[in-house]
Amino acid sequence: MGIFIFMDKRKLISYALVIFSVIYAGVVCAFASELMGPATQSSEKKVRAEVYYRQIFKQKLNLDVSSTARYRVQQATLTTNSTASLDAEGSGNGIMSKVSFQPFETPIQYYVMGGAGQYELKLPSGTYSNAHATDNPGYTVGGGIKYTVVPHTIVTPAVSVDLSATHSRYKLSNFKSGDGQTAGEINQTFTIFEIQGAATVSKKFLFDLGDGKASVDPYLGVKAIRTRTTFDDNSTGGTFSGTRMDVSPFLGLKFKPFPYEGLVFEASFLTEFGFAAGLTFGF
C-alpha cells in the first residue's frame, strides 16, 4: 500500500509540473528552439544529451517604434503620438547543447539548454534594410518539459507535447546600411524571449547493423511560437520592442548506430528557415 502511495505522489508531482508549465506559457510574454529528438518515450532515470550546430537563415520578427510630435493651437500646446510596426528579420548561427532527464516512470522529461552564437538583425529603412550584426558571440539559455502522450509500440507511432522558454541576448556592434553607403561601429543590445509549444509524431525502426542493433527514428511536428524582442540603442537610450505569434512546421531524424551514441538532424520551415545537426548521447 505504501509503495502505491509513493508512486501516486511521484505522478502528482509530475502532473503538477506540467500544469505549472502550461500556466507559465500562458502568462509570460514570449530563435525558435529545436526539439532535436523524436516523440519516442525514454525510461526512468535516463539522461540524454545533444550537442549540435544550428543555422537560421531567416526569422521573422516585429519591432514597434513610436514618435511624439508637438504643435500649438492658439495658446495651447498639443501632443500627438504615432506608432508603427517594423517587419524585422533575423539570422544567425551557433553551437548549442541540450540535456534531458526523466526522473520518474511517468513519461515526462525535463531539460535545460544553452549555447553561444552570432546574430544579424535587418531593419527596414525605405526601399532597403540596414544590417546590425554581432562581432562577438551572444548567448542563449532556456529549459522546458516534454510529455509523451502516446508511447511508441511496434505498431503505433509515438506522440508527444513540448513546452519551453528561452532567453537570448546579443551585443550588436557592427552596422552596414542597405545601400552600402554607410558602415561603422554601433552600441546596441538585442534580446529575444521566446515561449514555444510543440507537438511531435515519430516512429522508431530497429534493424541489424553488424553484430548489434541500430535504430532510425524520423519525426515531424509543428511549433507554436510567441517571440518577444527588445532592441536597445545604448548610445541614445532608445528602446523598442515587439511581440509576434507564429507557427512553424519541422521535421527531423535521429539515427543511433550504437547503444549510447548517434546523430540527429532537424529542419524548420514557413515562418523561419533553418536547420540543426549534431550528436546525441543516451545514458
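Residues numbered from 1 in each chain as written. Predicted model: local features only at pLDDT ≥ 70, side-chain atom pairs only at ≥ 80, totals over all residues. Heavy atoms only, no water.

**Q** Please clarify how empty space enclosed by the protein should be interpreted in this entry.
**A** Gaps left between atoms show up when a probe the size of a water molecule is rolled over them. Looking at the largest cavity, its volume works out to about 70 Å³. Taken together, Ala32, Gln59, Lys60, Glu194, Ile225, Thr227, Asp246, Thr271 and Glu272 make up the lining of the largest cavity. Secondary-structure elements contributing two or more residues to the lining of the largest cavity are β1 (46–73) and β9 (212–233). Grouping the constituent residues of the lining of the largest cavity by class yields two nonpolar, three polar and four charged. When its volume is computed, the second largest cavity comes out at roughly 50 Å³. Lining the second largest cavity are Leu35, Gly37, Pro38, Arg48, Lys98, Ser100, Gln109, Tyr111, Lys146 and Asp162. Elements supplying a minimum of two residues to the lining of the second largest cavity: β2 (76–102) and β3 (108–125). Here the lining of the second largest cavity is built from residues that sort into three nonpolar, three polar and four charged. (1 Å grid on protein atoms, 1.4 Å probe; cavity = no way out; pocket = protein on both sides within 12 Å on 5 of 7 lines; lining within 4 Å. Points joined across faces, edges and corners; volume = space filled by probe spheres on them. Helix = DSSP H or I, 4+ residues; strand = E, 2+ residues; numbered from the N terminus. Nonpolar A, V, L, I, M, F, W, Y, C, P; charged D, E, K, R; others polar.)

**Q** Where do I start with the pairing of strand β8 (residues 205–209) in this structure?
**A** The side chains of a regular strand alternate, first on one face of the sheet and then on the other. Sheet topology note: the β8/β9 ladder contains five bridges and is antiparallel. Residue pairing in the sheet places Phe207 in a bridge with Ala214 of β9. (Pairing = 2+ DSSP bridges.)

**Q** I would appreciate a short explanation of the confidence of the model for the protein chain in the present structure.
**A** Regions with low pLDDT should not have their predicted coordinates read in detail. Averaged over every residue, the pLDDT of the protein chain is 84; residues scoring 70 or more account for 82%. Ignoring residues within four places in sequence, the model shows residues 67–74, a span with pLDDT below 50, making 18 contacts including any to other chains. (pLDDT = per-residue confidence, 0-100. Contact = heavy atoms within 4.5 Å.)

**Q** How should the pattern of salt bridges be read in this particular structure?
**A** Where charged atoms from two side chains of opposite charge come close, those side chains can pair. By the definition in use, this model includes five salt bridges. Here Lys223 ties to Glu272 by a salt bridge, and the two come within 3.4 Å at their closest N and O atoms. Of this pair, Lys223 sits in strand β9 while Glu272 sits in strand β12 (residues 272–282); the two residues are 49 residues apart in sequence, bridging distant segments of the chain. Measuring nitrogen to oxygen at the nearest pair gives 2.6 Å for the salt bridge that ties Arg244 to Asp246. Here the two residues Arg244 and Asp246 agree in accessibility, since each one is buried. (Salt bridge = Lys/Arg side-chain N within 4 Å of Asp/Glu carboxyl O. Buried < 20%, exposed > 50% of the residue type's maximum accessible area, 1.4 Å probe, protein only.)

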